Amino acid sequence: MRFFTPVAAAALASLLPQGAMARETGAPMKVVTTFTVLADMARNVAGDAAEVVSVTKPGAEIHGYEPTPQDIVRAHDADLILWNGLNLELWFEQFLANLGDVPSATLTDGIDPIPIAAGAYEGQSNPHAWMGLDNAMIYVDNIAAALSEQDPRKAETYRDNAERYKQEIRDTIRPLRDAVAAIPEDRRWLVSCEGAFSYLARDFGMRELYLWPMNAGQVGTPQQVRAVVDGVRDNDIPVVFCESTVNTAPAQQVARETGVAYGGELHVDSLSGEGGAVSTYLDLLRVTSETVARGLAENID
């Protein structure tokens, strides 16, 4: 975690009232999110009625992110901060304190979290709730409610945009879930580096196996690799995957030691830049689900 000198803090504090001034002049509300997935969801709900920016950049690893003074400056005039919660952004509370008195909303409010099953984080909530279909509806509703509370004049716009966007999410997920459901149930496993896909696995009727529960602390240890190697062999799992924001070598090692396929990289914590493979949340859901379905379908007996 980075902290700021008294001089820097004073300079930042002098910038803080600008968000309130923007509201008074009728300028579009400025919404700041902690990472790119939330920013894209918020843009779909806000439409042209608000400006939305992300603290972290495309491709960033979220868990251990260290905010910079530039991040604070970019967010200083925010009218609203949107964050995930469930201990995903471990750096966020200090970040929010540095911003001063800015309204914030936790987008996982109302979600029934899946507990992490093993490891150092056993019993804690899995924070990657946006990867579940029903949860995505809650995120969108929470975004619309937060925007409407801060900008009630445009509440109808936010509500209409939210309903349209939720239908787009449903339409994106349905055929992908059907494709996974066509895989024989005993082969329907999702093996990954981080345990970031519990909600997707649940909604797609899959079982999961992962090397480490969270991208923090020790990852890719020999013990973790050995446990997954044993799990792949014991359950005759045909393919393994890894996330795009971490070192894929441990998953590649599992594939080599077991002789199964390495199915490629999955996306979960971060979008790619504009024009990239997963430049939107809908792209992230689609590409990740298609990669899983294709990897399983091509490697079952």
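I will try to describe carefully the structure that is included in this document. Bear in mind that the values here come from a model prediction, so they are computed numbers and not experimental data.

**Description of the packing of helix α6 (residues 133-150) against helix α7 (residues 155-181)**
- Where α6 contacts α7, the two axes come as close as 9 Å, and the packing angle between them is 165°. The orientation of α6 relative to α7 falls into the category roughly antiparallel. Crossing of α6 over α7 shows right-handed handedness. Of the residues in α7, those in contact with Leu133, Ala136, Met137, Val140, Asp141, Ala144, Leu147 and Ser148 of α6 are Ala155, Tyr158, Ala162, Glu163, Tyr165, Lys166, Ile169, Arg170, Ile173 and Arg177.
- Here the residues of the contact of α6 with α7 are counted per class, giving 12 nonpolar, 1 polar and 5 charged.

**Regarding the state of the cysteines**
- For the structure shown, the criterion picks out 1 disulfide.
- A sulfur-sulfur distance of 2.0 Å marks the disulfide that ties cysteine 193 to cysteine 242. Because the torsion about its S-S bond is -115°, the bridge between cysteine 193 and cysteine 242 counts as left-handed. In this pair, cysteine 193 is assigned in strand β5 (residues 189-194) and cysteine 242 in strand β7 (residues 239-243), connecting sequence segments 49 residues apart.
- You can call cysteine 193 buried: its relative accessible area is 0%.

**What to know about the packing of α7 against helix α11 (residues 281-299)**
- Running from amino to carboxyl end, α7 crosses α11 at an angle of 5°, the nearest separation of the two axes being 9 Å. By the angle class used here, α7 and α11 are roughly parallel. Two secondary-structure elements touch here, α7 through Tyr165, Glu168, Ile169, Thr172, Ile173, Leu176, Ala179 and Val180 and α11 through Tyr281, Leu282, Leu285, Arg286, Ser289, Glu290 and Ala293.
- Its residues assigned to classes, the contact of α7 with α11 shows 10 nonpolar, 2 polar and 3 charged.

**Let's talk about unusual backbone geometry**
- The backbone phi angle of leucine 86 is positive, close to 60°, even though this residue is not glycine.
- Here leucine 86 lies in the loop between β3 (80-83) and α5 (92-99).
- Even without a glycine there, the phi angle at asparagine 87 is positive, about 65°.
- One can find asparagine 87 in the loop between β3 and α5.

**Considerations on the sheet that holds β3**
- With respect to topology, 4 strands assemble into an open sheet ordered β2-β1-β3-β4, the strand pairing being parallel. Every other strand in the sheet has two partners, leaving β2 (50-54) and β4 (104-106) as the edge strands with one partner each. Each strand axis lies, on average, 20° off the axis of its neighbour in the sheet, ignoring direction.
- Along the sheet face, α6 touches β1 (29-33), β3 and β4 and points at about 165° away from the line of β3.

**Digging into the side chain of threonine 291**
- Residue placement: threonine 291 occurs in helix α11.
- Residue classification places threonine 291 among the buried residues on the basis of a relative accessible area of 8%.
- Beyond its immediate stretch of four places on either side in the chain, threonine 291 contacts Phe241, Gly263, Glu265 and Leu266.

**Overview of the environment of glutamate 265**
- By the element assignment, glutamate 265 lies in strand β8 (residues 261-266).
- A C-alpha to C-alpha distance of 21 Å links glutamate 265 and proline 175, two positions 90 residues apart in sequence.
- Residues within four places of glutamate 265 in sequence aside, it is in contact with Cys242, Ser244, Thr248 and Thr291.

**As for helix α10 (residues 249-258)**
- What α10 keeps buried is the set Pro250, Ala251, Val254, Ala255 and Thr258. One side of α10 holds all its buried residues, which, seen down the axis, span an arc of 145°.
- Here the buried face of α10 lies against β5, β6 (207-212), α9 (222-234), β7 and β8.
- At the exit of α10 stands glycine 259, carrying a positive phi of roughly 75°.

Scoring rules and cut-offs
- Residues numbered from 1 in each chain as written.
- Predicted model: local features only at pLDDT ≥ 70, side-chain atom pairs only at ≥ 80, totals over all residues.
- Heavy atoms only, no water.
- Axes fitted to C-alpha atoms, helices over the stretch in contact; angles between N-to-C directions.
- Helix = DSSP H or I, 4+ residues; strand = E, 2+ residues; numbered from the N terminus.
- Parallel < 35°, antiparallel > 145°, perpendicular 65-115°, else oblique.
- Left-handed = near helix turned anticlockwise from the far one by under 90°.
- Contact = heavy atoms within 4.5 Å.
- Nonpolar A, V, L, I, M, F, W, Y, C, P; charged D, E, K, R; others polar.
- Disulfide = S-S within 2.5 Å.
- Buried < 20%, exposed > 50% of the residue type's maximum accessible area, 1.4 Å probe, protein only.
- Pairing = 2+ DSSP bridges.
- Arc of directions from axis to C-beta.

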